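What follows is the residue order along each chain.
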Amino acid sequence: SMVPAVAEALQKDGYRVCVESSAGLYAGFTDAAYEKAGCSVVLRAEVLRTAQVLFAIEAPVRDLPAMRGKVLISWVGRLSDNGKKVIEQANPAGVTLIDVTAVPRITIAQKL
């Protein structure tokens, strides 16, 4: 859910970015592209262990217990039945969710 150019920009702002190996393949981005952008490409378990903020297209419900105390930014759909189930599982797991479906999509809000 993050292309190499965005990862590179985040690093310029002082963030460290680690990416799960093969995470960008379906979007056409290789591990080498993320490494060239300055990212650490690591196994999923390492991302879950070290990251404070995680990005995912779909909320990885099976990994919520490993995300205690972390922030997950994802397409949750908090008003849908499935989204409500994700929230019900994230709360007791101690995961803070940011639902991108709740971000306004009007032009003035695009910088959010």
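Residues numbered from 1 in each chain as written. Predicted model: local features only at pLDDT ≥ 70, side-chain atom pairs only at ≥ 80, totals over all residues. Heavy atoms only, no water.

S.K.: Break down the packing of aromatic side chains for me, citing the residues and quoting the values.
M.R.: Scanning the entire structure with this criterion turns up one aromatic pair. Ring plane angle 65° and centroid distance 6.3 Å describe the contact between Phe29 and Tyr34, whose orientation is recorded as edge-to-face. Of the residues examined, Phe29 reaches a relative accessible area of 26% and is grouped as partly exposed. (Phe/Tyr/Trp six-rings, centres within 6.5 Å; stacked < 30°, edge-to-face > 60°. Buried < 20%, exposed > 50% of the residue type's maximum accessible area, 1.4 Å probe, protein only.)

S.K.: Quick one: what's the story with unusual backbone geometry, residue by residue and with numbers?
M.R.: Keep in mind that most residues, glycine aside, have a negative phi and that most peptide bonds are trans. Positive phi, normally seen in glycine, also occurs at Ser22, with a value near 70°. Structurally, Ser22 can be placed in the loop between β1 (18–20) and α2 (31–36). (Helix = DSSP H or I, 4+ residues; strand = E, 2+ residues; numbered from the N terminus.)

S.K.: An account of helix α4 (residues 81–93) is needed here, citing residue identities and associated values.
M.R.: Given a rise of 1.5 Å per residue, 13 residues ought to cover 18 Å, and the 19 Å separating the end C-alpha atoms of α4 matches this to within 8%. Buried residues in α4 make contact with β5 (96–99). Trailing α4 by a residue or two, Gly94 shows a phi angle of about 75°, which is positive. (Expected span 1.5 Å × (residues − 1). Contact = heavy atoms within 4.5 Å.)

S.K.: Tell me about the sheet that holds strand β4 (residues 71–75), and please be specific about residues and values.
M.R.: Read from one edge to the other, the open sheet built from three strands follows the order β3-β4-β5, with strand pairing classed as parallel. Because the sheet does not close on itself, it has two edges, and the strands there are β3 (53–58) and β5. Neighbour-to-neighbour, the strand axes of the sheet open up by a mean angle of 25°, direction not taken into account. Relative to β4, β3 runs parallel, the two sharing five bridges. Each residue of the ladder has a partner; that of Ala56, found in β4, is Ser74. (Pairing = 2+ DSSP bridges. Axes fitted to C-alpha atoms, helices over the stretch in contact; angles between N-to-C directions.)

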